[in-house]
Structure formats: C-alpha cells, structure tokens
Amino acid sequence: MQYRVVDWTWAYDNAGNIPRSEAWPSAWVEPARAARDAFVAGDRARLELAYGSDPRQRFDLFYPKGSPAGLVVFVHGGFWMALDKSFWSHLAKGPLAHGYAVAIPSYPLAPEVRIADITKSIGQAVVAAASMVPGPIRLIGHSAGGQLVTRMISQTTPLPGELHDRIAGTLSISGLHDLRPLMNIARNATLKIDAGEAKSESPALLEPLPGSRLICWAGARETSEFLRQNALLGNIWRGLGIETDVVEEPDRHHFNILDGLVDPDHALTRALFSM
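All values derive from a computational prediction rather than experimental measurement.

Undergrad: Explain unusual backbone geometry here, please?
TA: Peptide bonds are trans in most cases, and residues, glycine excluded, mostly fall at negative phi. Omega for the peptide link from Ala110 to Pro111 comes to 10 degrees, which places this bond in the cis form. Along the chain, the position of Pro111 falls in the loop between strand E4 (101-105) and helix H5 (115-130). Phi angles above zero are rare outside glycine, and Asp43 is one such case at about 55 degrees. On the secondary structure map, Asp43 appears in the loop between helix H3 (26-41) and strand E1 (45-50). Judged by relative accessible area, which is 70%, Asp43 ranks as exposed. Residues other than glycine seldom take positive phi values, yet Phe79 does so here, at roughly 55 degrees.

Okay, here's the thing in structure tokens:
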C-alpha cells in the first residue's frame, strides 16, 4: 500500500482532525485551577519558581504527602508557540499518588525564540527542579514537549552528566521526534525551523545517552503523522541499544490522551513508573 503526504499542514493539524476539538484547551483550565488551589490549600505547592531571567522561565512544583520518592517533570506541548504551565496542574495527581514531586515549567515561545533555545530552557528547568527534590527523575512531555524531553536524553543534551545519571525513564506522549516534515507546515512561518535546526533538534536524528529508557505513547485516533512520529523514535533508538517501548492507546486522540495521568492506576501513569 502506497502512502504519500500531500498536505503537510493538515497531517499535523490536531484540531482539524478531532471532532469537537474546540473544547480544548479550555477543557483543561478549570481542572488545572481546581487542582492547583487544592495543592496550595494543602501546603503542597510552590508556584512561580524562577529558573531563568525570562518572565516565562518559571515552574510550579507540587509535593506528595510525605517526603518525595523522586521528581517527575512534565513538559507541555503547543507546537513550541502556545500555552503555559497553568493548563496542566491536574496532571500531577497520578504521579503525586506514587509519591513523586511534580514540576511543571513554562518556557519562552516561538517566534521570540528558536526551538534550540527552548531546549536549553527545559534543561535549565530540569536542573532547577532537580536541585530541590532528591532521588530519581522521570520526564514526561506531550507533543512538542515530547521532543523536548527526549532531547534531554540525547547525546547533545543540555543537562550535566551527573543529572542524567538520575533520570530513571522518559515518557514521550504524542511526541514530535523528527522536525524535518514540520518545515512544510503553515506553522513554520512562526517556528522558522530550517534544515540545520531540524538536524540538531530532532531526537530521531540524534543518538541517545547510554542507559536511557524510553516509552513513546500515542492515541490510536491521532493523525497518521503523529502515529508515525510516535513509532519512529522508539524503533530507531531500540536499534541503538536503548530500552524502548511504543504504545498506541485505543480510543484516544491527541488531546484526551493526557487524561490518564490524572489516575494513578491508569496504564499511562503506571508506564511512567515501570521504567
């Protein structure tokens, strides 16, 4: 069966390919606010922690009951050009129930910065959060965030070596791991990805750090390009000797795929702690 992408913008248009997609991202706002308020009321949150000089270089840190067993860092999506940490606080519930603290950073966005700059920002955020919480680190990223967290475990990571030794596993949800096709989409007028940046910032074109563990997870109802990108990195890095798994969750699309993180017993949350 032959297959060729004719309309790259459509192939990466999640909103256009999901029925009633207008419900997002607003559907995340109230659950995130309610969770954040509850964490603050329970003295289990530190908000607006700076990890750099840019106004968007801030993260929220949520604590479990009792001493943290380790740290989870969740990096949001939005095509490197939209959204911030305030949409995702409720996703900390699942990892918190496993005894881990959860850091959720915002980061500078395109077109003010390039994707390479955002990679550096996430490295700074991980370093800052890790300095506050001891123990193993588990990284989660959604969509563009999937590219960012897998960059943290590639050979050109901005993280110092001693910090990589603490990373127990990385979970890329609906991740964008090869940036070359994105040079063909309408959003690239804002992103300005060129061939050089696509080569240097695509995890699929980079070698993983030895000992890394990776799960690539997507919804079975995602577009064919997101499903291809999901499988791509797991398959390439498995061939480079890294422990990987590739999962397509039934009846989930690009937005509701995140719902599993709210539930400590959901397969997505369990996968994070299986590595």
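Undergrad: So what exactly am I meant to see when it comes to the sheet that holds strand E6 (residues 167-173) here?
TA: Each strand in a sheet pairs with its neighbour through backbone hydrogen bonds, running either in the same direction (parallel) or in the opposite one (antiparallel). Pairing within the open sheet is mixed, and its 8 strands lie in the order E1-E2-E4-E3-E5-E6-E7-E8. The sheet terminates laterally at E1 and strand E8 (243-249), the two strands that pair on one side only. Across the sheet, the mean angle separating the axes of adjacent strands is 15 degrees when strand polarity is ignored. Where H3 meets the sheet, its contacts fall on E1 and strand E2 (58-62), and the angle it forms with E1 comes to roughly 105 degrees. Packing of helix H6 (residues 144-151) onto the sheet brings it into contact with strand E3 (71-75), strand E5 (137-142), E6 and strand E7 (213-219), and relative to E5 it is tilted by some 150 degrees.

Undergrad: When you look at H3 in this model, what are you seeing that I'm missing?
TA: With 16 residues, H3 extends 23 Å from end C-alpha to end C-alpha; this agrees with the ideal 22 Å at 1.5 Å per step. Backbone geometry just downstream of H3 places Asp43 in the positive-phi region, at approximately 55 degrees.

Undergrad: I'm lost on the pattern of salt bridges in this one. Help?
TA: Opposite charge on two side chains lets them pair, provided their charged atoms get close. Applying the stated criterion across every chain, the model contains 12 salt bridges. In this structure, Arg33 engages Asp37 in a salt bridge whose closest nitrogen and oxygen atoms are separated by 2.4 Å. Pair noted here: Arg33 and Asp37 are both in helix H3, with a separation of 4 residues, about one helical turn. You can call Arg33 partly exposed: its relative accessible area is 35%. Asp259 is the salt-bridge partner of Arg252, the closest N and O atoms lying 3.5 Å from each other. On the basis of relative accessibility, which here comes to 36%, the residue Asp259 falls in the partly exposed class.

Undergrad: Can you walk me through the packing of aromatic side chains in this structure?
TA: Aromatic rings in a pair are described by how distant their centres are and how their planes are angled relative to each other. Inspection of every chain in the model, using the stated rule, returns 9 aromatic pairs. Between Phe79 and Trp80 the ring centres are 6.1 Å apart and the planes differ by 75 degrees, which places this aromatic pair in the edge-to-face class. Trp80 matches Phe79 in its accessibility class, with the two residues each being buried. An aromatic cluster is defined as three or more aromatic residues linked by ring pairs; in this entry it consists of Trp28, Phe74, Phe87, Trp88 and Phe255.

Undergrad: Teacher, can you tell me more about the environment of Glu243 here?
TA: Structurally, Glu243 is set in strand E8. When the C-alpha positions of Glu243 and Phe273 are compared, they lie 14 Å apart, and in sequence the two are 30 residues distant. Aside from chain neighbours lying at most four places away, what touches Glu243 is Ser212, Arg213 and Leu214.

What counts and what doesn't
- Residues numbered from 1 in each chain as written.
- Predicted model: local features only at pLDDT ≥ 70, side-chain atom pairs only at ≥ 80, totals over all residues.
- Heavy atoms only, no water.
- Helix = DSSP H or I, 4+ residues; strand = E, 2+ residues; numbered from the N terminus.
- Buried < 20%, exposed > 50% of the residue type's maximum accessible area, 1.4 Å probe, protein only.
- Pairing = 2+ DSSP bridges.
- Axes fitted to C-alpha atoms, helices over the stretch in contact; angles between N-to-C directions.
- Contact = heavy atoms within 4.5 Å.
- Expected span 1.5 Å × (residues − 1).
- Salt bridge = Lys/Arg side-chain N within 4 Å of Asp/Glu carboxyl O.
- Phe/Tyr/Trp six-rings, centres within 6.5 Å; stacked < 30°, edge-to-face > 60°.

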